[in-house]
Amino acid sequence: MLRARIAATGSYVPERVLTNFDLEKMVDTTDEWIRERTGIRERRIAAEKEAASDLAYEAAKAAFKKTDIKPKDIELIIVATVTGDMPFPATACHLQQKLGLKKAAAFDINAACSGFLYGLSIANGFIKSGTYKRILLIGSELLSRITDWEDRSTCVLFGDGAGAAILEATNEDRGIISTHLRSDGSMWELLHMPGGGSRNPASKDTVKKKMHCIKMKGNETFKIAVRTLEGLVRETLAENKLKISQLSMLIPHQANLRIIQATAERLDMPIEKVMVNIDKYGNTSAASIPIALDEAVRQGRVRDGDYVLLEAFGGGLTWASVLIKW
Ligand code: COA
């Protein structure tokens, strides 16, 4: 049976570190509040000249270093982002130019924090159908560019970064086992950026009203996230006739340490088997899972034959899980 497997991962975060102590000087907050309520200690902020395709390019280069697959072998580039270089063309096209590729197809997807998992599902479909053999998938975000730096309830949460996965077709008994995508558009207002689209095109007024910044009802989103993620993981495992104890690793989207801990507790998943790096990067939306996955691989925490479950929840609302046999 034809499957898609992740042949290599890579990630990149910008050099500049913004600590909670730095934020104390910008808004009415404390390091203690941020650590206790979110688990975040610091986050990375992109340099002025960097955009999503630049971060994506660095993550892609890191991934290509770990495999024999060359950029020219890639037939499709998918970038998951809500902070692309420009509204159009796709950031995937900018990345394609940087990689010097002429033949590959390229497009972006917008599923907010679930974007990388939506991307894995799309890539899996193309590979299983025999359409493409090698796909480059990236989650790249510069949330610092759409953050209201005067709003303490959101500005402490987000960061910038990118993570990459190179997928290839295999006939081996490994790779993506199942993908599960869900959304509920009736709750879009919980997490969104109102300005800059066709509803509220950019104007002096939209800028004045900070409509080009993230708006989030954090507390409501938090409660729905925990409930939803528990159900999603149980559903994914039940469909594959697997028990929690058979999972070697859970790699969740890094939105809030308390969401990660609460989900793990409800599932009886030992926290040692859960990948956590939110302390270093904050919430990097579509980039958080591929960055965490790349770190888990580099730390030797993901080994051949392991069952690894990725799960995410975010704006849309969207949520998703992907089960992989590594
Ligand atoms: N520093 C200090 N106090 C802060 C603060 C900050 N940075 N941000 C908010 N507060 C205050 C609030 O003003 C509020 O004060 P009040 O009780 O006097 O009104 C109090 O802390 C509690 O606020 P609340 O929003 O209820 O806190 P919370 O425990 O829900 O934590 C989040 C806030 C944003 C950290 C949390 O809700 C969260 O992570 N939400 C979900 C994020 C998510 O999953 N997103 C989807 C994926 S991207």
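Computed from a predicted structure; not experimentally measured.

**Considerations on unusual backbone geometry**
Next up, step 1: A cis amide bond, omega 0°, links Phe88 with the succeeding residue Pro89.
Next up, step 2: One can find Pro89 in the loop between β4 (76-80) and α4 (91-99).
Next up, step 3: The residue after Gly316, namely Leu317, is reached through a cis peptide bond having omega -15°.
Next up, step 4: Assignment of secondary structure puts Leu317 in the loop between β12 (307-314) and β13 (318-325).
Next up, step 5: At Ala112, a residue that is not glycine, the phi angle is positive and equals roughly 50°.
Next up, step 6: The topology assignment puts Ala112 in the loop between β5 (105-109) and α5 (115-128).
Next up, step 7: According to the relative accessible area criterion, Ala112 is buried, its value standing at 14%.
Next up, step 8: In this structure, Lys241 is a non-glycine residue whose phi angle is positive, near 50°.
Next up, step 9: Tracing the chain through its elements places Lys241 in the loop between α8 (218-239) and β11 (249-252).
Next up, step 10: Of the residues examined, Lys241 reaches a relative accessible area of 74% and is grouped as exposed.

**Some remarks on the environment of Ala286**
Next up, step 1: Considering the arrangement of structural elements, one finds Ala286 in the loop between α10 (278-281) and α11 (288-298).
Next up, step 2: Residue classification places Ala286 among the buried positions, given a relative accessible area of 1%.
Next up, step 3: With 26 residues separating them in the primary sequence, Ala286 and Ala312 have C-alpha atoms 9.0 Å apart.
Next up, step 4: Beyond its immediate stretch of four places on either side in the chain, Ala286 contacts Ala80, Thr81, Ala112, Cys113, Gly115, Phe116, Gly139 and Glu141.

Rules and cut-offs
- Residues numbered from 1 in each chain as written.
- Predicted model: local features only at pLDDT ≥ 70, side-chain atom pairs only at ≥ 80, totals over all residues.
- Heavy atoms only, no water.
- Helix = DSSP H or I, 4+ residues; strand = E, 2+ residues; numbered from the N terminus.
- Buried < 20%, exposed > 50% of the residue type's maximum accessible area, 1.4 Å probe, protein only.
- Contact = heavy atoms within 4.5 Å.

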